[in-house]
Amino acid sequence: MIQKKLTEWMRKKILTTTIQTSKIAIIITAAGSSTRMGGGIKKEFLPLKDGTVLSACAGAFLNALKKFQITDFIITCKAGNEDEARDAVSSLGYDAFTFVRGGVSRQESVFKGLLEIERRGNCPDLVLIHDGARPFVSEKIIIEGIEKALEFGASVPGLTPTDTQKEIDENGFIVRHLVRANLCAVQTPQNFVFSRLLEAHKKAAAQIEELSTQGIKKEFTDDTQIWGEFCGAVKVYPGDASNIKITYPGDLKQN
């Protein structure tokens, strides 16, 4: 028992030291269309508190990672929205953001962000990828994600669904009754060893291109799927019900 406790203490001490010396890159994705919000303004640029939805997202990471070395802070944005994205985070007074034109899908946008980090040559240990429409992310979620990614290679916050889940067919009939305890709704940030995720994205892009020559369309919905296909398992840690993704106008009033 004493040996077990000592081993666990040493593991935590080594992990704490590793965390404190880790180099972190951040990618915030803000290149989506925001069609469900209406109003003609991208949801990331909507006012929130003393800034915008996007500045709340970026500010949460800057505050949580004050003791970390941030090597790169990438914001992906839609073509033509670069100036608006820059204005949306100007209240933070942080001058090291890099704005990258996103792609036609989330996967392509993240890949472009990863390639920009590679091009800059700062060699981060981890990359944290966060939805630009999740402004209520907490410091606890961010720090625990780093801890789990350092320990397991990849991590994501997730919540067990409160409603019973069913799988249906294309005609709307239930075909499978799912066990709720084995399911989770994943959130962001999604956290990974940078070098391994970059290589996984390169493989995913090559696979998509090869399949397209056969008339087959494939798209990865998020980075945990890419990691799962090319690297291995992703550790899920407890998410936060307040860490919602702004989708409809009423969502801004929930927090």
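Values in this document were obtained by computation on a predicted structure and should not be read as measured data. (Residues numbered from 1 in each chain as written. Predicted model: local features only at pLDDT ≥ 70, side-chain atom pairs only at ≥ 80, totals over all residues. Heavy atoms only, no water.)

Novice: Teacher, can you tell me more about the pattern of salt bridges here?
Specialist: When the charged atoms of two side chains lie near each other, side chains of opposite charge can form a pair. Tallied over the entire structure, the rule returns 13 salt bridges. Linked by salt bridges that have partners in common, R106, D131, R134 and D223 make up one network. (Salt bridge = Lys/Arg side-chain N within 4 Å of Asp/Glu carboxyl O.)

Novice: Hey, could you run me through the nonpolar core in this one?
Specialist: The nonpolar side chains of a soluble globular protein tend to be buried, and buried together. Counting 32 residues, the largest nonpolar core has L54, L65, F73, I75 and I142 as the members making the most contacts within it. The set of elements that each furnish at least two residues to this core consists of β1 (23-30), α2 (53-64), β4 (69-77), α3 (82-88), β5 (97-101), β6 (126-131) and α5 (139-152). Residue contributions to this core peak at seven residues, all from α2. Among all residues touching I142, those that are not within four sequence positions of it are A60, F61, A64, L65, L128, V137 and P189. I74, V110, F192 and F194 belong to the second largest nonpolar core, which has 16 residues in total. (Core = buried A, V, L, I, M, F, W, Y, C linked by side-chain atoms within 4.5 Å. Buried < 20%, exposed > 50% of the residue type's maximum accessible area, 1.4 Å probe, protein only. Helix = DSSP H or I, 4+ residues; strand = E, 2+ residues; numbered from the N terminus. Contact = heavy atoms within 4.5 Å.)

Novice: Explanation requested: the environment of A200 in the structure shown.
Specialist: Inspection of the secondary structure puts A200 in helix α6 (residues 194-212). Taking the C-alpha atoms as reference points, A200 and D223, 23 residues apart in sequence, are found 9.3 Å from one another. Aside from chain neighbours lying at most four places away, what touches A200 is I226, F230 and C231.

Novice: Would you mind showing me how to read the packing of α2 against α5 here?
Specialist: The geometry of a pair of packed helices is captured by two quantities: the angle between their axes and the separation between those axes. With their axes 9 Å apart at the nearest point, α2 and α5 run at an angle of 60° to one another. What the angle tells us is that α2 and α5 run oblique. Both α2 and α5 take part in a crossing whose hand is right-handed. Side by side, α2 and α5 meet where A60, F61 and A64 of the first sit next to E139, I142 and I143 of the second. The residue inventory of the contact of α2 with α5, partitioned by class, reads five nonpolar, no polar and one charged. (Axes fitted to C-alpha atoms, helices over the stretch in contact; angles between N-to-C directions. Parallel < 35°, antiparallel > 145°, perpendicular 65-115°, else oblique. Left-handed = near helix turned anticlockwise from the far one by under 90°. Nonpolar A, V, L, I, M, F, W, Y, C, P; charged D, E, K, R; others polar.)

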